[in-house]
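# Structural overview
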Amino acid sequence: GWMKGKGAGWLTAEYSLLPSSTHTRTDREAARGKQQGRTVEIQRLIGRSLRQAVDLKALGERTLTLDCDVLDADGGTRCAAITGAWVALALALRKHGLDAALIRQVAAVSIGIVESGEGRRGILLDLDYEEDHLAAVDSNLVVARPLAGGDLELVESQATGEGRSFTRAESSALLDLGLGGCGQLMAAQIQALA
């Protein structure tokens, strides 16, 4: 309602871990009476990211709410939510004859530096729960690409030294691996829409 009369629409997202999505059952936040700060932060990230995909004026005075319910919380849920929700967004716009409102493709991936634990080590793409838990450096990358073609553009790049600080060279390596991964995800998104 707050956009009424402005000649443009809005896009937002709702994010939730389903009770059976985690290793041990997680309570529904609605049962607690309010959302946790982490959930609110993730919802805002998803909404911000996916608004990059839409021409809000071409959308008209409509609000789109993308439901992002996590079925399996095995690391990178916010990134998977963004990537999957873009496909849902494209399908919804197509269904309602609003294809022209979709102007960019958006995808996200987690990247990290894992130095401990058994198994894979080094700079990893799309970390699972155990890798994410052990990561010395944890990063998430959201990118967009105009549907008309062109280079990948950064929407959000976030990296945190959780076990140690990291160098500029490591930051560049994380970004390069993440861009490659997002390119692969974008190809899968297009295939899903075909």
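Residues numbered from 1 in each chain as written. Predicted model: local features only at pLDDT ≥ 70, side-chain atom pairs only at ≥ 80, totals over all residues. Heavy atoms only, no water.

Turning next to the sheet that holds strand S6 (residues 153-161). The strand order across the open sheet built from four strands is S4-S3-S5-S6, with neighbouring strands paired in antiparallel fashion. What marks the edges here is a single partner per strand, and that holds for strand S4 (122-125) and S6. When strand polarity is set aside, the average angle formed by the axes of neighbouring strands in this sheet is 15°. Across the sheet, helix H4 (residues 77-95) is in contact with strand S3 (104-114) and strand S5 (135-146); its angle to S3 comes to roughly 160°. On the sheet, helix H6 (residues 168-193) packs against S3, S4, S5 and S6 and is oriented at approximately 140° with respect to S3. (Pairing = 2+ DSSP bridges. Helix = DSSP H or I, 4+ residues; strand = E, 2+ residues; numbered from the N terminus. Axes fitted to C-alpha atoms, helices over the stretch in contact; angles between N-to-C directions. Contact = heavy atoms within 4.5 Å.)

One non-glycine residue with positive phi stands out, namely Asp126, at about 55°. Within the secondary structure, Asp126 is located in the loop between S4 and helix H5 (129-134).

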